[in-house]
Amino acid sequence: MSFYLHKFPLLSRSGVLQRMISEYQPPVDGVGGGMCTLQLDDIPGGAKAFELAAKFCYDVKIELNALNVVCLRCAAEYLRMTDDYAEGNLITQAESFLADVLANWKDSIKALETCEGVLPTAEDLHLVSRCITALASKACASDAAAPLLARNASVAAAAADKDALWNGIRTGDTASSAAASAMDWWYEDVSFLSLPMFKRLIQAMEAKGMRAESIAGAIMFYAGRFLPGLKRNTSFSNALASYGADGGGGGGMSSRNVTPRAASVSAPSEGDQRYFLEEIVALLPTKKGVASTRFLLGMLRTAMLLHASPLCRENLERRIGAQLEDASLDDLLVPNLGYHVETLYDIDCVQRILDYFMSSTDGIGTGYTSPALAEDGGGAGAGSLGVPQGGTPSTALSPITMVAKLMDGYLAEVAPDTNLKLPKFQALAAVVPDYARPVDDGIYRAIDIYLKSHPWLSESEREQLCRLMNCQKLSLEACTHAAQNERLPLRVVVQVLFFEQLRLRTSIAGWFFVSENAAGGDGARPHPGGAIVPKGGAAAAVAASAQAEVDSDAEDDALPEGKETITDVKERVSELEKECKSMKQEIRRLGKPPRRPWGLLTRKCGFGAKVQQAQPAMSGK
């Protein structure tokens, strides 16, 4: 762009133009009519910045704003428009206005964005660092007040009568939304910065003590705007197509200076996205739980899609493993994107994540817990046979119990894959310890699906697979299904029937104990046959409700009806004994030795003595 200007206004304001004009030598041929022609190729801000500077030299009133003050300040520095040449020169005017700009958040963001076009000079003049410091200070001040605002909101909500005013406006919702906005109001503004600027801003916020939760929230918002692959069911080609470009990093955009705003015009290359993802992963705070598990799993899928570095993927897998209890089944189904695809889903990746979870040893909030803690956290009471007597809300479950439920669902999802080998299925299922599962219905369902999808397994392989579940911890519905399941080995069906009968006998023994106590007093009385049934385990669970019913019946003089009920129970016991005898005869017809395996099974499970003790008490009565 050419400018036709007078020399004297420029000489009075700019030291550089004064020197260039004084040193100018006209051409020998006299072309140009005596005009002084100067070439300014490297002025910061280009022609627009020079035009404003030239107007200032002519004393024309110019409009300074947040979008041009940085470029004008850099151009004034290049032209050496200091107060040595004129009082109140352009450098002084720009500095004065820049101080007002940095006092405002929105204007500071605009000024920082314009630093990209004049980056070397803006860095030398410390304009970038001043903008970043101003932004970090404002965001940290708001972040420090956010917890106090949240506490005040909760107190106000608790004090309000059902969180409602006289006109129906809910004060609790208003207060909670205000607390949330105090944390994330700046996320969208900083998401338009380039990656280097964003990194420097985040690092400045960390240095000023911003909470890790707020920093992670800003990073997740920034990554979600830039990486379309974070969305479920989005391939890399579809992600590039969503930009409306051909996939090339056009426009001369550097792979180290990619902005989401530029991405809306020209799509970044795969290498640019890979570099961006690796930088974002390295920028995330190390504190557990600040980044959602769904976001981390989305980043992991994208990292596999873009073939990110092994170090980046390992970092993500470790982070996910540390908070695996918060994952959902849909997000855990990571497609297999390796070069040698064997299974539909990446089983090895989930295996590593689960191993990282089990190796976490810093308490119940992280992963591994002791059997006692898992039992307390699970809250599922178990009877004398280890069978759960009831469910618990998910909020009371320990992390390892939640992970066990999650992995049972995952195994059921991957079980139909015919390419899934038995050793890999067993290895993944065996990582979760037995005590982590209050009920084994989930693992039984996964095993049944696997057996249905792999009918070519041998009898020994089926028995080996079924060792992953504990027949004692199956619910009544699962036991009923397993007893009729032709895919299960016969030995497993026998175990299910045996433990189910033993559980029924224990419950019936508890009824006998409660009934005899109600009829004869509080003390324990021996049953006919010399055996005393202990009050504990599953019997104790039934005893409480039974005692209440007996007391109520006693008040209404309904004791004969209770005797009739006991008679019905005794008849049921006789029927169960007949069923057991017929089952033994069936086993004998199949060529199985009846006595030795049955005795071995009871001794192995530790119920031999209990059965021998309970048998005289219940037989024939």
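Keep in mind the model is a prediction, meaning the values are calculated, not measured.

(A) Quick peek at the confidence of the model for the protein. On average, residues of the protein carry a pLDDT of 74, and 63% of them reach 70 or more. Low confidence marks residues 233-265, where pLDDT is under 50. Its contacts with residues over four positions away, or in another chain, come to 62 contacts. Considering only residues more than four positions removed or in separate chains, one finds that residues 522-564, a stretch of pLDDT under 50, has 43 contacts.

(B) Structural detail: the side chain of Asp417. Within the secondary structure layout, Asp417 lies in the loop between helix H21 (399-414) and helix H22 (422-430). For the buried residue Asp417, which engages in no salt bridge, the nearest side chain bearing the opposite charge is Lys424, 9.0 Å off. In this structure the side chain of Asp417 is engaged in a polar contact, spanning 2.8 Å, whose partner is the backbone nitrogen of Leu344. With sequence-adjacent residues up to four places away left out, Asp417 is seen in contact with Thr343, Leu344 and His454.

(C) Expanded view of the packing of aromatic side chains. All told, the structure shown has 9 aromatic pairs when counted by the stated rule. On the numbers, 4.8 Å between centres and 65° between planes, the contact of Trp105 with Trp185 is edge-to-face. One end of the pair, Trp105, is in helix H6 (residues 105-114); the other, Trp185, is in the loop between helix H9 (171-184) and helix H10 (187-190), with 80 residues separating them in the sequence. Assessed through its relative accessible area of 31%, Trp185 is described here as partly exposed. Following the ring pairs from residue to residue traces out a cluster consisting of Phe198, Tyr222, Phe226 and Phe276.

(D) Layout of the pattern of salt bridges. Applying the stated rule across the entire model yields 22 salt bridges. Its salt-bridge partner being Asp348, residue Lys424 comes within 3.5 Å of it at the nearest N-O pair. Pair noted here: Lys424 is in helix H22 and Asp348 is in helix H19 (residues 347-359), with a separation of 76 residues, a long-range link. With a relative accessible area of 40%, Asp348 lands in the partly exposed category.

(E) Examining helix H3 (residues 46-57) more closely. Compared with the 16 Å implied by 1.5 Å per residue over 12 residues, the 17 Å span of H3 between its first and last C-alpha is a close match. What H3 keeps buried is the set Ala49, Phe50, Leu52, Ala53, Ala54, Phe56 and Cys57. Of the surrounding elements, those touching the buried residues of H3 are helix H1 (7-11), helix H2 (15-22), helix H4 (69-79) and helix H5 (90-101). Count one or two residues on from H3 and you reach Asp59, which has phi positive near 65°.

Rules of the game
Residues numbered from 1 in each chain as written. Predicted model: local features only at pLDDT ≥ 70, side-chain atom pairs only at ≥ 80, totals over all residues. Heavy atoms only, no water. pLDDT = per-residue confidence, 0-100. Contact = heavy atoms within 4.5 Å. Helix = DSSP H or I, 4+ residues; strand = E, 2+ residues; numbered from the N terminus. Buried < 20%, exposed > 50% of the residue type's maximum accessible area, 1.4 Å probe, protein only. Lys, Arg positive; Asp, Glu negative; His and termini not counted. Salt bridge = Lys/Arg side-chain N within 4 Å of Asp/Glu carboxyl O. Polar contact = N/O pair within 3.5 Å; in protein donor to acceptor, adjacent residues only side chain to side chain. Phe/Tyr/Trp six-rings, centres within 6.5 Å; stacked < 30°, edge-to-face > 60°. Expected span 1.5 Å × (residues − 1).

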